[in-house]
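Residues per chain, in single letters:
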Amino acid sequence: MPRWLKITFIVFTAFFGLIVILWLGLAAYVHFNKKGILQDVTSQLNDNLTGKLTIEEMDPTLLRGFPGVAISLKNVALRDSLWHVHKKDLLVAKNIYVAVDAFSLLKGKPKIKDVNIENARIYLYVDSTGYSNADIFRLKQTPDTANNTSKAQPRINHLTLTDVDFKLDNLSKKKRFHFAVDKVVSELFYNDTGWNAQVDIDALVKEFAFNTHNGSFIKNKQVQTSLDLGFNENKKVLTIPAQDVKVDDVEVNFRAQFNLDTVQTFRVELIVDAIPFREARSMLSENIQGKLKSLDFEEDIQARALIAGSLVKRGDPLVNVKWIVKDNEMTTPGGKITNCNMEGSFVNNANPAFTRNDRNSVIAVPKLTGKWNDIAFTADSLSVVDLIDPLIAAHITSDFPLSKINQIVPTNLVNISKGNGSINVFYRGGLKINDPRAPYIKGFVKVTGLTMTYLPRNLTFTNSTIHLDFTGSDLYLRNSKVQAKTSVLYLEGSMLNFLNLYYVDPAKIVLDLRAKSSSVNLEEFQSLLSKRQKITTVTKTQGGKNLQKAAGQLDAILDKSNLHLNLVVGKLQYKKFLATDIKADVSMTETAIRLNSVSVRNSGGNVAFNAIIDQSGQANAVTLNTAITKVDVTQFFTALENFGQDAITDKNIKGQLTASADMKVTISDAGKIIPGSMHGAVDFNLQNGALVNFDPIKNISKFVFRSRHLDNITFSDLKNTLILSGDKITINPMYIESSAINLNVEGVYGLKNKGTDIRVDVPLRNPKKDEHIIDDDERKTRNMKGIVIHLQAVNGDDGNVKIRLRSKGKQADAAVDEATRVVAADTSAAPSNKKRKGLFKR
């Protein structure tokens with residue numbers, strides 16, 4: 001070994017040995033003087049405290065403090081002067097290791113360099129009056145402090161916390177910060193302006209609440225980081241430059257600043273480039289989480305947050321959160337939005353003049369694009385204000401194939417096969433059901449080339465155009481048309497106060513509609529007679545319960561709202577009924593259709609009527625009031641399918657009819673009159689009429705007037721009132737003056753092959769003998785002179801109407817004999833006498 005190396009080794013060994021000897025000497029000194037040193041350390045630590053520090057035991061730790069001296073303090077307690085009132089220990093620690101400057105021990109004034117606190121609880125407590133147990137650190141008033149020459153504060157170079165529960169609970173300001181510290185290692189470097197530090201942190205954030213009423217930020221999150229920070233003693237500002245912090249498994253860029261002067265404010269900024277939305281949401285306070293819990297994103301989002309406020313003033317800090325979403329899938333209460341792109345923000349001081357809280361909060365999205373149920377849309381100026389009673393506003397535009405709607409609406413509401421839709425609306429309204437604030441919509445919805453079936457009414461429309469114009473709370477239908485097979489209706493209309501009544505009282509909504517058409521076939525709208533079917537299910541949609549609820553509300557609107565239709569049609573056809581120049585005022589409610597002031601031209605005349613179709617029962621009960629003026633009775637009976645009866649049909653009657661009727665009738669969903677359902681009265685006047693092959697008259701020829709052509713009887717004027725009673729028609733006494741025969745008729749005609757009882761008085765006098773008499777009463781009196789045959793029409797055993805003589809005793813026998821003579825004289829080709837006698841056999 002070279003000499004110089006040996007000398008160096010000897011010197012180093014001697015020096016090291018000297019240090020060890022000195023260190024052992026110091027340790028021995030501490031051991032034998034620990035009582036006095038404990039008093040000195042305690043005195044030094046208590047020197048600037050307004051409370052009391054107690055240390056149960058002190059021992060040197062040889063290796064821990066080398067080459068200095070470390071002291072182990074056992075069962076340390078720090079209490080303020082009012083501990084006996086609130087019973088809150090500021091510090092309770094089982095072990096505190098204090099590194100002491102070796103030379104300060106020799107001087108009898110030990111200086112603390114490093115502190116390691118283990119297995120401890122730190123509780124900073126502020127009561128409701130504002131008093132804090134941290135006031136223990138206020139300087140005692142001494143002659144030195146009075147002269148503004150405070151004693152130098154001890155400078156700790158290293159501070160380590162291990163297994164420490166730290167809590168700050170400020171009752172007066174409603175703030176609470178609670179950390180379970182696994183490990184905090186800090187190294188402090190002092191300079192002329194204050195100090196800088198490097199701090200390694202591994203801690204669980206149990207609570208980080210600036211307002212305990214609203215909940216905690218980053219609650220139950222594990223924070224791991226190595227931070228650089230600095231404190232400016234003159235400005236009382238603690239600064240944490242931008243650095244990465246690991247919160248659970250998410251890397252967050254963190255920076256902060258705390259002003260600890262008289263203002264005592266803070267500012268914390270968090271930036272993350274990629275974070276699951278659920279994780280980002282969980283870092284916010286509970287009240288904000290509650291507002292966002294119905295939202296989610298499939299992929300990570302970019303986010304940044306600013307939290308700033310006062311450390312001492314009561315109230316919420318400023319919270320400003322911003323996020324960026326690119327090509328993501330967003331889950332909302334109304335369903336999923338795919339291909340979602342947006343930038344958004346949340347701030348809790350929409351109006352800086354007011355208190356920061358949910359009421360003063362706003363969520364703003366300047367622009368959102370995406371697809372909802374595969375319908376592409378754009379929303380700009382989207383905002384939600386006031387998170388207590390939220391109000392949403394948005395401008396929404398979209399162009400899409402209408403067939404996409406099939407997967408949104410209930411499966412038994414509509415089925416759309418063709419068409420395109422265009423939406424451009426601004427909407428503002430409450431998010432809560434039954435929100436009292438009036439919603440507002442401005443803009444339009446256009447539908448072109450629509451082919452669809454409206455399933456509750458089984459109505460099919462083709463090549464239709466609908467233009468809805470929203471102007472606030474009102475809805476207008478403009479320049480629209482609907483086509484049902486051959487029928488084309490051009491529509492204009494309005495729903496006034498529509499949005500106000502949508503949720504509150506849909507039964508008060510009235511669609512006031514004006515419709516014009518050159519030609520309408522009512523058979524194409526026959527399904528309106530049937531009951532509207534309820535919608536029941538929602539399928540193929542991502543809307544969830546909220547959309548099902550909206551669908552149910554839409555069903556309620558369609559079911560309960562009212563329609564008022566002013567109709568003008570050039571030509572209208574229903575089966576055999578053909579009318580022109582139709583004008584009608586129609587009202588449709590939940591259970592009824594009202595036809596008011598309907599006028600048509602039909603069968604060469606005019607028909608006017610009012611009707612109510614009650615749809616509340618199993619069939620359609622119709623109440624009808626009508627006036628018929630100079631219609632061709634044959635055509636009229638043909639058009640109306642003989643009113644559902646076969647007593648007198650279009651094959652039996654001719655002439656020009658004028659009539660009025662007040663009646664009730666039941667109509668099936670197929671639009672047919674249910675036999676036997678008519679009740680009411682019909683006043684008629686048949687001019688220039690004829691009865692053709694009318695059995696009740698024609699059958700009289702079996703008895704008399706075989707040569708008078710009773711199969712075609714003409715008459716100039718026939719009037720009467722018929723009473724309709726279900727399956728019976730009551731014929732009031734009626735005098736029929738015709739070309740072949742005069743009759744007095746009255747009785748009941750049964751429509752169901754039973755109940756017929758019609759009495760017919762037939763004078764044998766030939767009407768042609770009295771044609772020259774002008775006076776009607778005199779002619780009638782002359783016609784009824786002479787022999788009169790009394791007949792009765794009744795249903796036989798087979799149900800068919802049979803004609804028989806009504807017996808009047810001897811007078812009837814004389815009448816029969818005379819009738820036999822008259823018939824014989826009046827018949828050019830009479831049957832044998834044997835057969836004639838058979839006809840009058842009683």
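Summarised in this report is the structure supplied together with it. (Residues numbered from 1 in each chain as written. Predicted model: local features only at pLDDT ≥ 70, side-chain atom pairs only at ≥ 80, totals over all residues. Heavy atoms only, no water.)

1. A word on the overall build of the chain
Here's step 1: When helices and strands are counted, the chain shows 14 helices and 37 strands.
Here's step 2: For the chain, the proportion of its 842 residues judged to be buried stands at 45%.
Here's step 3: Of the contacts made within the chain by residues no fewer than 6 positions apart, 54% connect residues no fewer than 24 positions apart.
Here's step 4: By element, 55% of the accessible surface of the chain is carried by carbon and sulfur atoms, the whole surface being about 43,800 Å². (Helix = DSSP H or I, 4+ residues; strand = E, 2+ residues; numbered from the N terminus. Buried < 20%, exposed > 50% of the residue type's maximum accessible area, 1.4 Å probe, protein only. Contact = heavy atoms within 4.5 Å. Areas by Shrake-Rupley, 256 points an atom, 1.4 Å probe, with all protein chains shown as cover.)

2. Focus: the nonpolar core
The tendency in soluble globular proteins is for nonpolar side chains to be buried side by side.
Here's step 1: By size, the foremost hydrophobic cluster in this structure holds 84 residues, and its most contacted members are L489 and L657.
Here's step 2: Not counting residues within four places of it along the chain, the set of residues in contact with L489 comprises S480, K481, V482, A515, K516, S517, V520, F525 and L567.
Here's step 3: If you look at the next biggest cluster of nonpolar residues, it comprises 79 residues, including L73, F231, L284 and A379. (Core = buried A, V, L, I, M, F, W, Y, C linked by side-chain atoms within 4.5 Å.)

3. Description of the pairing of strand 22 (residues 475-484)
Here's step 1: Across the 10 residues that make up strand 22, a large majority, seven, are buried.
Here's step 2: In this structure, strand 21 (residues 459-472) lies alongside strand 22, joined through four bridges in antiparallel fashion. Pairing of F470 across the sheet is with L475, part of strand 22.
Here's step 3: Here strand 22 folds back onto strand 23 (residues 487-495), and the loop between the two strands holds two residues, one of which, K485, carries a positive phi near 55°. (Pairing = 2+ DSSP bridges.)

4. Topic: the environment of L724
Here's step 1: Looking at the element boundaries, L724 is found in strand 32 (residues 712-726).
Here's step 2: A relative accessible area of 9% means that L724 is categorised as buried.
Here's step 3: Sequence separation between L724 and K664 is 60 residues; the distance between their C-alpha atoms is 9.1 Å.
Here's step 4: Contact partners of L724, with chain neighbours within four places excluded, come to M663, M678, H679, G680, V682 and I729.

5. Brief notes about the side chain of D127
Here's step 1: Topologically, D127 is positioned in the loop between strand 4 (112-126) and helix 5 (143-146).
Here's step 2: Despite its burial, D127 pairs with no opposite charge; the closest candidate is K88, at 9.3 Å N-O.
Here's step 3: Here the side chain of D127 touches T129 through a polar contact of 2.6 Å, side chain to side chain.
Here's step 4: Not counting the four nearest positions on each side in its chain, D127 is found in contact with L171 and S172. (Lys, Arg positive; Asp, Glu negative; His and termini not counted. Salt bridge = Lys/Arg side-chain N within 4 Å of Asp/Glu carboxyl O. Polar contact = N/O pair within 3.5 Å; in protein donor to acceptor, adjacent residues only side chain to side chain.)

6. A short note on the pattern of salt bridges
Here's step 1: Summed over the entire model, instances satisfying the criterion amount to 20 salt bridges.
Here's step 2: For R176, the salt bridge goes to E207, with nearest N and O atoms at 3.5 Å. Here E207 lies in strand 7 (residues 194-209) and R176 lies in strand 6 (residues 175-190), a separation of 31 residues in the sequence.
Here's step 3: Residue E286 pairs with K219 through a salt bridge whose shortest N-O separation is 3.4 Å. Within this pair, whereas E286 is found in helix 7 (residues 286-292), its partner K219 is found in the loop between strand 7 and strand 8 (221-232), the two being separated by 67 residues in sequence.
Here's step 4: Relative accessible area serves as the criterion here: at 34%, K219 is assigned to the partly exposed category.
Here's step 5: Salt bridges linked by common partners bring R255, R267, E269 and R304 together as one network.

7. A word on unusual backbone geometry
With the exception of glycine, the majority of residues adopt a negative phi angle, and the majority of peptide bonds are in the trans configuration.
Here's step 1: In this structure, N119 takes a positive phi of about 50° despite not being glycine.
Here's step 2: Position of N119 relative to the elements: it lies in strand 4.

8. Overview of the packing of aromatic side chains
Here's step 1: Evaluation of the coordinates by the stated rule reveals 12 aromatic pairs.
Here's step 2: Taken together, a centroid distance of 6.1 Å and an interplanar angle of 65° make the contact between F210 and F217 edge-to-face. F217 carries the same exposure label as F210, and that label is buried.
Here's step 3: The residue whose ring lies beneath K88 is Y125, and the NZ or CZ to ring-centre distance is 4.8 Å.
Here's step 4: The ring of Y123 carries K167 above its face, with NZ or CZ at 5.5 Å from the centroid. (Phe/Tyr/Trp six-rings, centres within 6.5 Å; stacked < 30°, edge-to-face > 60°. Lys NZ or Arg CZ within 6 Å of the ring centre and 35° of its normal.)

9. Notes on the environment of L159
Here's step 1: Residue placement: L159 occurs in strand 5 (residues 158-170).
Here's step 2: The residues touching L159, leaving out its near neighbours within four places in the chain, are V115, V184, V185 and S186.

10. Side note on the pairing of strand 6
Here's step 1: In this structure, strand 5 lies alongside strand 6, joined through 12 bridges in antiparallel fashion. Bridging across to strand 6, L159 finds its partner in S186.
Here's step 2: The turn linking strand 5 back onto strand 6 is made up of four residues, and K174 within it adopts a positive phi angle of 60°.

11. Comments concerning the environment of E57
Here's step 1: Tracing the backbone through its elements, the reader meets E57 in strand 1 (residues 52-61).
Here's step 2: Considering only alpha carbons, one finds E57 and K74, 17 residues apart in sequence, at a separation of 5.1 Å.
Here's step 3: The contact partners of E57, leaving out residues within four places of it in the chain, are S72, L73 and K74.

12. Observations concerning the side chain of N133
Here's step 1: Counting through the fold element by element, N133 comes out in the loop between strand 4 and helix 5.
Here's step 2: Here the side chain of N133 touches Y123 through a polar contact of 2.9 Å, landing on its backbone oxygen.
Here's step 3: Of the polar contacts made by the side chain of N133, one reaches the backbone nitrogen of Y125; its length is 2.8 Å.
Here's step 4: Ignoring any residue separated from it by four or fewer positions in sequence, one finds N133 in contact with D80, H86, K88, D89, L90, Y123, L124 and Y125.

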